[in-house]
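Take a look at the letters that make up each chain.
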Amino acid sequence: MPGLNPADLPFAASSFDRDAVDREHSDLRAAAATDPTARVLLMVGGEAPVRDGHLVLDSYDRAPAASQDPAHPDVYLGRLRGDGSPVVLRSFPAGADLPGQEHITRAGLRVLGTELEPEETSLLVTAQAVALWHRDHPRCPRCGTVTEVIRSGWARECPNDQSLHFPRTDPAVIVAITDGNEDPEQERILLGRSSLWASHRFSTLAGFVEPGESAEQAVVREIFEEAGIVVGSVHYQGSQPWPFPRSLMLGFRAVAQTIDFTPDGQEILDLRWFTRAELKAAAADQSIVLPGRISIAHALIVSWLGEPLPEGN
C-alpha cells in the first residue's frame, strides 16, 4: 500500500538547514548576533509576522531586544537553504507590545500553514514547537529550579542537579479505517466526530501512543477504545509534525475486521461509514465538514478518496 507524498503534507515538506551538529558545540545564538546576514523571527503568542504571503525576518540589529523571561529565550533555528542566513527565534508572550512592530500583520500556523513556501512553513512549525516547549518547561521537573538554556536554545540544564532536558515530542497515531470491500464504489471509510467539535465536523480517528507501546499497537488499541472496532492490516502512510503544542502525527491506514461501531461517548460522540460517493456528496453540500488542508487527516482522506475533496474542504 503506497504511503503519502510528503509534498501533500504542508508541515512535512522540504526543511531549512537545522545546523544540528554545530549548534551542539557552540552557542550559535551568540554567533548570529555578530553576523550581518543573521535574521530574527519574532513570534508573539504563537503568531508570526507576515507580509505578501511570506514570513517577515528582521535583521538582527533592527529586531526588538530579547525577552528576559526564562520561559521565552532566544533559540537558534538554523540556516536558510537559499543564502545560508542564520535565523534566530525570538518569542514573546501573547499581548507583548514590541517597539517598531505596531503595524505588522501577524497570524498563527493554522492560518499560514497552507500559504507559506515549504521552507518557511517548516521554519514556523519548528519555531512554534520549540517556543511552546520553553514556555511550558522553564523549571526542572526534578527539583523545580529554573533551568538554564544551553545548546543554542535546544536544551535546558538544571543548575541545582545538573540534569539535562530536551524539547519533547509526543507521538500520536491517526488512522483512515476502511471496511476492506474490494469494490471501490462500495468500499467505505469510517469517520468520527470529536466531543470538542460541532455536530457536523468529522475526521479520521486519532490518539496518543502510550509508554511501552508500538505505533501499530496504538492503532489497534485506540480504534477499539474509541469505536469498538477491531482493525487489522495496519499500514504506515506518513508523518506530520503537529505543534499544537508538540505532537508528531503518525498516519496509518487500517482495515476493519468488525463493522459495527460503538462511539465511546467521551472522546468520540458520533461515527459514520461513507462510500466515496457519499463522502463527496456530503462534503459538497456541507452537511459534513472535513479536516482542513493543513492536517494529515485531510491527506489520509484524499489518499483514500483518490481525488481532491470538493471546493471548500
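Since we're looking at a predicted model, the values are computed, not measured.

### Digging into the side chain of Arg156
Within the secondary structure layout, Arg156 lies in strand β9 (residues 155–157). A distance of 3.5 Å separates the side chain of Arg156 from the backbone oxygen of Pro138, its partner in a polar contact. Within the structure, Arg156 has its side chain in polar contact with the side chain of Thr147 (distance 2.6 Å).

### Quick look at the packing of aromatic side chains
Tallied over the full model, the rule gives 4 aromatic pairs. For the pair Tyr236 and Phe252, a centre-to-centre distance of 5.6 Å together with 70° between the ring planes defines the contact as edge-to-face. In this pair, Tyr236 sits in strand β14 (residues 231–242) while Phe252 sits in strand β15 (residues 247–256), placing the two residues 16 residues apart along the sequence. Assessed through its relative accessible area of 1%, Phe252 is described here as buried. Residues Trp242 and Phe244 carry aromatic rings whose centres are separated by 4.7 Å and whose planes lie at 70° to one another, so their mutual orientation is edge-to-face. The exposure class assigned to Trp242 is buried, which follows from its relative accessible area of 17%. Judged by relative accessible area, which is 23%, Phe244 ranks as partly exposed. Ring pairing ties together the aromatic residues Phe11, Trp242 and Phe244, which thus form one cluster. A cation over a ring is seen here: Arg90 above Tyr60, with NZ or CZ 5.2 Å from the ring centre. It is Arg110 that lies over the ring of Phe244; its NZ or CZ is 4.0 Å from the centre.

### Quick notes on the nonpolar core
Formed by 48 residues in total, the largest nonpolar core has its most connected members in Leu77 and Leu279. For this core, the leading source of residues is helix α7 (residues 296–305), giving 7 residues. One finds Leu190, Ala215, Ile229 and Trp273 within the second-largest nonpolar core, a separate group that totals 20 residues.

### Overview of the sheet that holds strand β8 (residues 148–150)
For sheets, the rule is that strands pair by backbone hydrogen bonds, running either parallel or antiparallel. In spatial order, the strands read β8-β9-β10; together these 3 strands make up an open sheet with antiparallel pairing. Two strands bound the open sheet, and with one partner strand each, they are β8 and β10 (164–165). Pairing of β9 with β10 involves 2 bridges; the strand directions are antiparallel. Residue pairing for β10: Arg156 is matched across the bridge by His165.

### Observations concerning the environment of Asn5
As for its placement among the helices and strands, Asn5 is situated in the segment before α1 (20–25). The exposure class assigned to Asn5 is partly exposed, which follows from its relative accessible area of 42%. In sequence terms Asn5 and Arg51 are 46 residues apart; their C-alpha atoms lie 29 Å from each other.

### As for the environment of Ala254
As for its placement among the helices and strands, Ala254 is situated in strand β15. Among the residues examined, Ala254 registers a relative accessible area of 0% and is labelled buried. Along the chain, Ala254 and Asp8 lie 246 residues apart, while their C-alpha atoms are 20 Å from each other. Setting aside chain neighbours within four positions, we find Ala254 in contact with Val175, Ala176, Ile177, Thr178, Val219, Val231, Gly232, Ser233 and Val234.

### Quick look at the pairing of strand β12 (residues 188–194)
The element β12 is extensively covered by neighbouring structure, given that 6 of its 7 residues are classed as buried. Inspection of the sheet shows strand β11 (residues 170–178) paired to β12 by 2 bridges, in the antiparallel sense. Across the sheet, residue Thr178 finds its bridge partner in β12, namely Ile189. Here β12 runs beside strand β16 (residues 268–275); their pairing, made up of 7 bridges, is antiparallel. Residue pairing for β16: Leu190 is matched across the bridge by Trp273.

### What about the sheet that holds strand β3 (residues 54–55)?
Read across the open sheet, the 3 strands follow the order β3-β2-β7; overall the sheet is antiparallel. Single-partner strands in this sheet number two, and they are β3 and β7 (105–107). Pairing of strand β2 (residues 48–51) with β3, which is carried by 2 bridges, proceeds in the antiparallel orientation. Across the sheet, residue Val50 finds its bridge partner in β3, namely Leu55.

### Overview of helix α6 (residues 276–284)
Among all positions of α6, only Arg276, Leu279, Ala282 and Ala283 are buried. Buried residues of α6 fall within an arc of 135° about the axis and therefore sit on the same side. Turned more than 90 degrees away from the buried face of α6 sit Ala277 and Ala284, all of them exposed. Residues of α6 that are buried in the fold lie against β12, β16 and α7.

Parameters and conventions
- Counting restarts for each chain: residues are numbered from 1 in the order of the written sequence.
- Since the coordinates come from a predicted model, pLDDT governs what is reported: local features require at least 70, and pairs of side-chain atoms require 80 or more to be given and counted, while whole-chain, interface and lining totals use all residues.
- The side-chain numbers reported here are obtained from all heavy atoms of the structure, hydrogens and water having been left aside.
- Per the convention used, a helix needs a DSSP run of H or I reaching at least four residues, while a strand needs a run of E reaching at least two, with both numbered from the N terminus.
- Here a polar contact is recorded for every N or O atom pair within 3.5 Å, except that within protein the pair must consist of a potential hydrogen donor and a potential acceptor, and residues adjacent in sequence are included only if both atoms are side-chain atoms.
- Any Phe, Tyr or Trp ring, taking Trp's six-membered ring, that has another such ring centre within 6.5 Å forms a pair; planes under 30 degrees apart are called stacked, those over 60 apart edge-to-face, and the others tilted.
- Remark: exposure states derive from per-residue accessible area (1.4 Å probe, protein chains only) relative to the maximum for the residue type, with buried under 20%, exposed over 50%, and partly exposed in between.
- The rule is short: NZ of Lys or CZ of Arg within 6 Å of the ring centre and within 35 degrees of the ring normal puts a charge over the ring.
- Throughout, nonpolar core names a set of buried Ala, Val, Leu, Ile, Met, Phe, Trp, Tyr and Cys residues whose side chains join them through atoms within 4.5 Å.
- Any two strands between which DSSP finds at least two bridges are classified as paired.
- Whether two residues are in contact is decided by their heavy atoms: any pair within 4.5 Å suffices.
- The arc in question is the one traced by the directions running from the helix axis out to the C-beta atoms.

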